[in-house]
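Listed here are the chains, written in short residue letters.
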Amino acid sequence: IVAHGQLHAVVANTLEGLRAFTGKIVVYATGDARVARDAGVSCRIGRESDGLTQPMTLMFQMQNTGKPVTPLRADNAYRYENVEELPQARLLHWEDNATGTLLVNMTRVRGNGADVRERSTAERESLKQALGVAEFLHRTSHPNYILSHVGPQIGVRETYQIDGLYTLTEEDLIAARRFDDVVAQTSYGIDVHNPAGTGGTHQKELRTYDIPYRTLLPRTGPDNLIVAGRSLSATHVAMSSVRVQPTCMALGQAAGCAAAIAIGSKTNLREVPPASLHARLSQQGVRFAR
C-alpha cells in the first residue's frame, strides 16, 4: 500500500489469511523484488541483451556405502551417456572423504524463478535431471555411492533487481573498486551460468571489492523501502558474484542497521550518513578491508 511517496503496509497471504504489515521502513530481503515491483519501483531482470536469467539448479548429495550398490533408477529420470550430455556439460561436485559425502551441483534448468509456472516446471525437470546425474555418476565414477539427499526446492540464482541509486557493474568488480558508502565486501568470482540452460559458465576470479549502500535504495518509488540480497541494483554479470549467501547476509545486516539509524534519527534512508552506518556495523564486528 503506497501513498504520498511512502510504503505504508505490505499485504501478505498468511496462514490466517490476508494480513497487512505496517512499519516505518520496509526491509525487503526475499530476493525477487516483489514488494518493490508492486510498489512501483523500476526493476530489471536477467541479462541486458534479452532478459534471460541464469538457470536454476537442484542440489543433491550422494553417500559412499563402502561397497558396490545397485543404483537408483527411476522411470522418469534422464539417462546420460557422457559428460557432454549432462545438463551443465561438465562435472561439478565436491567430496568429503571423511564422511563419504558427495555434494553435487550439476542440474540446470532454464527459466524465470519468479514465475510460478516456470518455477513449478523447473522443480519437476530438475528432479528428473538429478536422478539421471546420480545414476551417471554411480555408473561412471562412484559405484559405491547412493543418492542420499535431494534439496527441498530448486535453487534460484537470478530474477529481478531494482533500479537503484547506484548500479554495481562488472567493471566495478574487476577494478576492485572502493566506495565511501561501502556496506559489504566480497571476492567471490564472477560466476554466470549460461542463461540458455545449456552447457557453459563464464567465470572470473576477483579481488575484494566494495558494495555501496546506494545499490540497496530504489532510484524511484517509496523512499522508506530498502532491499537486501540479490534484489540489489546490479548488472547481470555483477549480480553473478554478489548473489551468494554470505554476501546476501552481509547486505541484510547493513539494510537492518540503516533502517534502525533512519528510524532512530528520524531521517530518510537516503540521508543515513555512511559514517553512522559504518559505526553501527563496527559495533557488530564488521570490518572492511582497505
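As the structure is a prediction and not an experimental result, all values here were calculated from the model. (Residues numbered from 1 in each chain as written. Predicted model: local features only at pLDDT ≥ 70, side-chain atom pairs only at ≥ 80, totals over all residues. Heavy atoms only, no water.)

## Let's talk about the packing of aromatic side chains
Inclusion rule: Pairing of aromatic side chains requires ring centres within 6.5 Å, counting the rings of Phe and Tyr and the six-membered ring of Trp. Pairs whose planes differ by under 30 degrees are stacked, by over 60 edge-to-face, and all others tilted. Only protein chains enter the area calculation, which uses a 1.4 Å probe; residues under 20% of their type maximum are buried, those over 50% are exposed, and those in between are partly exposed. Per the convention used, a helix needs a DSSP run of H or I reaching at least four residues, while a strand needs a run of E reaching at least two, with both numbered from the N terminus. Two thresholds decide whether a charge sits over a ring: the Lys NZ or Arg CZ must be within 6 Å of the ring centre and within 35 degrees of the ring normal.
What the rule picks out here adds up to 2 aromatic pairs. Ring geometry for Y78 against Y80: centres 6.3 Å apart, planes inclined by 40°, an arrangement best described as tilted. For Y78, a relative accessible area of 31% puts it in the partly exposed group. Overall, the relative accessible area of 8% leaves Y80 in the buried class. Arranged with centres 5.2 Å apart and planes meeting at 65°, the rings of Y166 and F179 form a pair that is edge-to-face. Placement of the pair is Y166 in the loop between β11 (160-162) and α3 (170-174) and F179 in the loop between α3 and β12 (182-186), with a sequence separation of 13 residues. When the ring centre of Y160 is taken as origin, the NZ or CZ atom of R37, which lies over that ring, is 3.8 Å away.

## Digging into the nonpolar core
Which entries qualify depends on this criterion: Here the nonpolar core consists of buried residues drawn from Ala, Val, Leu, Ile, Met, Phe, Trp, Tyr and Cys, with membership extended through side-chain atoms lying within 4.5 Å. Whether two residues are in contact is decided by their heavy atoms: any pair within 4.5 Å suffices.
Core analysis: the largest hydrophobic core is formed by 34 residues, its most contacted members being L168, I211, Y213, L216, I226, L251 and L277. With 8 residues, the top contributor of residues to this core is helix α5 (residues 245-265). Look past the residues within four positions of I226 in its chain and what remains in contact with it is I25, V26, V27, Y28, Y213, L216, L217, A255, A258 and L269.

## Notes on the environment of Q245
Its place among the elements puts Q245 in helix α5. A C-alpha to C-alpha distance of 21 Å links Q245 and R110, two positions 135 residues apart in sequence.

## Points about the pattern of salt bridges
The condition is simple: By definition, a salt bridge exists where a carboxyl oxygen of Asp or Glu is found within 4 Å of a side-chain nitrogen of Lys or Arg.
Taken as a whole and assessed by the stated rule, the structure comprises 15 salt bridges. The partner of R34 in a salt bridge is D38, with the nearest N and O atoms 2.8 Å apart. Separated by 4 residues within a single helix, R34 and D38 lie in helix α1 (residues 34-38), roughly one turn from each other. Residue R34 is classed as partly exposed on the basis of its relative accessible area, which comes to 49%. By relative accessible area, D38 is classed as exposed at 55%. Between D50 and R47 there is a salt bridge, with the nearest N and O atoms lying 2.8 Å from each other. Overall, D50 belongs to the partly exposed group, its relative accessible area being 40%. Counted as one network, the salt bridges with shared partners bring together R79, E81, E135 and R139.

## So, the sheet that holds strand β10 (residues 145-150)
How we decide: When DSSP finds two or more bridges between a pair of strands, those strands are recorded as paired. Only the stretch in contact is used when a helix axis is fitted, and all axes are lines through C-alpha atoms; the angle between N-to-C directions ranges over 0 to 180 degrees.
Strands sit in the order β8-β9-β7-β10 across an open sheet of 4 strands; the sheet is antiparallel. Looking at which strands have only one partner, the edges of the open sheet turn out to be β8 (93-96) and β10. Neighbour-to-neighbour, the strand axes of the sheet open up by a mean angle of 25°, direction not taken into account. The strands touched by helix α2 (residues 116-140) within the sheet are β7 (60-64), β8, β9 (101-104) and β10, with β7 carrying the most contacts at an inclination of about 25°.

## Some details on the pairing of β8
Across 4 bridges, the pairing between β8 and β9 is antiparallel. Bridge pairing in β9 places D96 opposite T101. With antiparallel pairing between neighbouring strands as the criterion, β8 and β9 make up a hairpin whose turn holds 4 residues, including G100 at a positive phi of roughly 70°.

## A closer look at unusual backbone geometry
The general pattern is negative phi for most residues beyond glycine and trans for most peptide bonds. Phi angles above zero are rare outside glycine, and H4 is one such case at about 55°. Following the sequence through the fold, H4 ends up in the loop between β1 (2-3) and β2 (6-7). In this structure H4 comes out as exposed when scored by relative accessible area, which is 83%. For A89, which is not glycine, the phi torsion reads 55° and is therefore positive. The residue A89 is located in the loop between β7 and β8 in this model. The class of A89 is partly exposed, set by a relative accessible area of 35%.

## Let's talk about the state of the cysteines
Covalent bonding between the sulfur atoms of two cysteines defines a disulfide. Filter applied, for reference: Throughout, a disulfide means two cysteine sulfur atoms within 2.5 Å of one another.
On inspection of all chains with the given rule, the structure shows 0 disulfides. We note that C43 lacks a disulfide partner, and the nearest cysteine sulfur, in C248, lies 16 Å from it. A disulfide-free cysteine, C257 has its sulfur positioned 16 Å from the sulfur of C248, the nearest such atom. Given a relative accessible area of 5%, C257 falls into the buried group.

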